[in-house]
2 protein chains.
Amino acid sequence: MAAGPGITAIGFDADDTLWQNETFFRMTEQRFAELLSGHGEHHVISARLLEAERRNLRYYGYGVKGFTLSMIETAVEVTRGEVPSSVIAEILSFGRQMLENPVETLPHARETLDALAGRYRILLITKGDLFDQERKLAQSGLGEYFNAVEIVSEKTPGTYERIFTRHADGPGRAVMVGNSLKSDVVPAIAAGGYGIHVPHELTWILEHEEAPEDNPRFRRIEDLAQLPPLLGQIT
Amino acid sequence: MAAGPGITAIGFDADDTLWQNETFFRMTEQRFAELLSGHGEHHVISARLLEAERRNLRYYGYGVKGFTLSMIETAVEVTRGEVPSSVIAEILSFGRQMLENPVETLPHARETLDALAGRYRILLITKGDLFDQERKLAQSGLGEYFNAVEIVSEKTPGTYERIFTRHADGPGRAVMVGNSLKSDVVPAIAAGGYGIHVPHELTWILEHEEAPEDNPRFRRIEDLAQLPPLLGQIT
């Protein structure tokens, strides 16, 4: 336990908080819909893909590999079993390309981490595929800023309770920063911490959630540059 | 740091050490080769699949989803681009079935953990897909025995150094128990710990490695029931 009542730890989400992610999924979905444009309009193909993703979440969890498998499943479906091998090969290649995408950090990510490091325990808390998240963290060059990295399969209040207790002074003295209301903000507040929303222009529909506007531990900032001054206010 | 010089922590591998795993991969490979039997003999199809797995490790890491993607890629290859959609659908279904397989704990797993819990720090150290490993741990009913669970993307000497330092008194006071010489035994010994090999009748060829027979910190036991008496000897 630290001495005072203030904030001692900051958890950062990774995808679409520190670096671009959803944009690569959307670009791939676009290419996927074009590939299958002979079998349905773009919005129809996209809707079928989303259905497959939703249905398969309980098998695959989050990440590129599950997304690739859901694209393949959707291709078999929308072609009524007449999908050419070349299309399957192309989808496999989309997946591999996503797993090789260079990591593009978001504006102010590095300078903000740099400003906060040493003054707070800095944690990376991300969900998705372990292997791919580790690759992205390594490529981002941001790894040195984190006191701990937790890659988890789901982000529930219990997840934040456990992580902020293990690595810091509990959720009551922690803030969680991320673009997803559903995964980053709402469960961190439910665990007793602050939830700071940094909206990203693209957020996956399965991550949508209403903002807890009236909660005293909810904040919204436009970008990460606003985080250090905000922390000065709430701590 | 604990007081004495003895062993204070035991790391357990999961797949094929605490529960069956490789047998499900082999059964699926068998079904996959039968599905494609019109395009090559069993051993040829299997060899092509292994090549794809090896080639894709750097994209997919370990686990069922990557294995499924490699099966699909192999099907496209061996059919020279003439793979029927029904075959793709079948492969997707193989993958989902693997992700739903009931967890079958290996003989003596529970009784051994039960005998050691409370006397040592007990750690689960496993690689593979985060989401699937968490599912298997939950289904195994063995979760309560572990002081910590670490699901990692690779098992190197550095992995063991980090984990045994974080959760216990360092690798010098730890033993690692597992069926894979390459992932469990050899790197744990390289990190300064004991490596205890519990051979499983099936071990994936990419996990093969020569046993460090002459190393004083290497041991081999036939099954987990032999672990508690062995620990009595080396601690």
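The shown structure was predicted, so the numbers you read here are calculated from the model rather than taken from an experiment.

To continue, consider the overall build of chain A. A count of helical and extended segments in chain A gives nine helices and six strands. Each of the three principal axes of chain A carries a C-alpha extent, and together these read 65 × 35 × 30 Å. For chain A, the residues scored as buried account for 46% of the 235 residues in total. Long-range pairs, those at least 24 residues apart, make up 67% of the contacts in chain A with a sequence separation of at least 6.

Interface size is commonly expressed as the accessible area that is lost once the parts come together. Residues and elements named next belong to chain A. Along its sequence, chain A is carved into domain 1 (9–20 + 103–234) and domain 2 (22–98). The C-alpha-based centres of domain 1 and domain 2 are spaced at 29 Å. Listed as interface residues are 13 residues of domain 1 and, on the opposing side, 11 residues of domain 2. Here the residues of the side of domain 1 that touches domain 2 sort into four nonpolar, five polar and four charged.

Residue and element names in this part refer to chain B. Summarising burial for helix α8 (residues 181–190): eight of the 10 residues are buried, a large majority. Lining the buried residues of α8 we find β2 (121–127), α7 (157–167), β4 (174–178), β5 (194–197) and β6 (218–220). One or two steps after α8, the chain reaches Gly192, where phi turns positive at roughly 110 degrees.

Let us now look at the sheet that holds β6 of chain B. Residues and elements named next belong to chain B. Strand order in the open sheet made by the six strands is β3-β2-β1-β4-β5-β6, with parallel pairing throughout. The sheet is open, and its two edges are formed by β3 (148–152) and β6, each paired on a single side. Within this sheet the neighbouring strands show an average axis-to-axis angle of 20 degrees, counted without direction. In this sheet, β4 lies alongside strand β1 (residues 9–12) in parallel orientation, the contact comprising four bridges. By the bridge assignment, Phe12 is partnered in β4 with Val177.

Taken together, the 27 residues of chain B in the interface contact 27 residues of chain A. Listing elements by their share of the side of chain B that touches chain A, those giving two or more residues are α2 (42–60), α3 (64–78), α4 (85–98) and α6 (130–140) of chain B.

Side chains on a regular strand alternate between the two faces of the sheet. Residue and element names in this part refer to chain A. Across the seven residues that make up strand β2 (residues 121–127), a large majority, seven, are buried. In β2, alternate side chains face the same way, and those of Arg121, Leu123, Ile125 and Lys127 on one face and Ile122, Leu124 and Thr126 on the other are all buried. Judged from the five bridges that link them, β2 and strand β3 (residues 148–152) form a sheet pairing that is parallel. Note that in β3 the partner of Leu124 across the bridge is Val149.

With respect to the helices and strands, the residue His167 of chain A is situated in helix α7 (residues 157–167). Filtering out sequence-adjacent residues up to four positions away, His167 of chain A remains in contact with Ala9, Arg121, Leu123, Asn147 and Ala148 of chain A.

So, about the sheet that holds strand β5 (residues 194–197) of chain A. Residues and elements named next belong to chain A. Here we have six strands laid out as an open sheet, ordered β3-β2-β1-β4-β5-β6, and parallel in their pairing. The open sheet has two free edges, formed respectively by β3 and β6 (218–220), since each of these has just one partner strand. Direction aside, neighbouring strands of the sheet carry axes that sit 20 degrees apart on average.

So, on to the packing of α7 of chain A against helix α8 (residues 181–190) of chain A. How two helices pack is summed up by the angle between their axes together with the distance between the axes. All names here are of chain A. Where α7 contacts α8, the two axes come as close as 7 Å, and the packing angle between them is 70 degrees. Viewed along their axes, α7 and α8 adopt a mutual orientation that is roughly perpendicular. Between α7 and α8, the residues in contact are Pro157, Thr159 and Tyr160 and Pro187, Ala188 and Ala190, respectively. Here the residues of the contact of α7 with α8 sort into five nonpolar, one polar and no charged.

The next point concerns the relation of the copies chain B and chain A. After a rotation of 180 degrees and a shift along the axis of 0.0 Å, chain B superposes on chain A with an RMSD of 0.0 Å. In symmetry terms, the pair is related by a two-fold rotation axis. Here 100% of the interface residues in chain B have copies in chain A that are interface residues too; the copies meet face to matching face.

All names here are of chain A. A two-sided burial pattern is seen for β5, the buried positions comprising Tyr194 and Ile196 on one face and Gly195 and His197 on the other. Bridge analysis of strand β4 (residues 174–178) against β5 gives four bridges, and the strand direction is parallel. Bridge pairing in β5 links Val177 to Ile196. Here β5 runs beside β6; their pairing, made up of three bridges, is parallel. Looking across to β6, one finds that Gly195 is bridged to Phe218.

Moving on to helix α1 (residues 22–35) of chain B. Residue and element names in this part refer to chain B. Helix length check: α1 (14 residues) gives 20 Å between terminal C-alpha atoms against 20 Å at 1.5 Å per residue, within 8%. Among all positions in α1, only Thr28, Phe32 and Ala33 are buried. The buried residues of α1 occupy an angular sector of 140 degrees when projected down its axis, which confines them to one face. Of the residues in α1, the exposed ones pointing more than 90 degrees away from the buried face are Gln30 and Glu34. Contacts made by the buried residues of α1 are with α2, α3 and α4.

On to the packing of helix α1 (residues 22–35) of chain A against helix α2 (residues 42–60) of chain A. Residue and element names in this part refer to chain A. Closest axis-to-axis distance for the α1/α2 pair is 9 Å, and the angle between their directions is 120 degrees. Of the possible angle classes, the one that applies to α1 and α2 is oblique. For the pair α1 and α2, the sense of crossing is right-handed. Across from Glu29, Phe32 and Ala33 in α1, the residues of α2 making contact are His42, Ile45, Ser46 and Leu49. Across the contact of α1 with α2, the residue classes break down as four nonpolar, two polar and one charged.

What follows deals with the environment of Lys65 of chain A. By secondary structure assignment, the location of Lys65 of chain A is in helix α3 (residues 64–78). Classification of Lys65 of chain A by C-beta neighbours within 10 Å gives buried; the count is 27. Distance from Lys65 of chain A to Arg121 of chain A, taken between C-alpha atoms, is 32 Å for residues 56 residues apart in sequence. Among all residues touching Lys65 of chain A, those that are not within four sequence positions of it are Gly95 and Asp129 of chain A together with Tyr60, Lys65, Gly66 and Leu69 of chain B.

Cut-offs and rules
- Residues numbered from 1 in each chain as written.
- Chains lettered and ligands numbered in written order.
- Predicted model: local features only at pLDDT ≥ 70, side-chain atom pairs only at ≥ 80, totals over all residues.
- Helix = DSSP H or I, 4+ residues; strand = E, 2+ residues; numbered from the N terminus.
- Buried ≥ 20, exposed ≤ 12 C-beta atoms within 10 Å, placed from the backbone.
- Contact = placed C-beta atoms within 7 Å.
- Domains from an automatic or database assignment.
- Nonpolar A, V, L, I, M, F, W, Y, C, P; charged D, E, K, R; others polar.
- Pairing = 2+ DSSP bridges.
- Axes fitted to C-alpha atoms, helices over the stretch in contact; angles between N-to-C directions.
- Parallel < 35°, antiparallel > 145°, perpendicular 65-115°, else oblique.
- Least-squares fit on C-alpha atoms with pLDDT ≥ 70 in both.
- Expected span 1.5 Å × (residues − 1).
- Arc of directions from axis to C-beta.
- Left-handed = near helix turned anticlockwise from the far one by under 90°.

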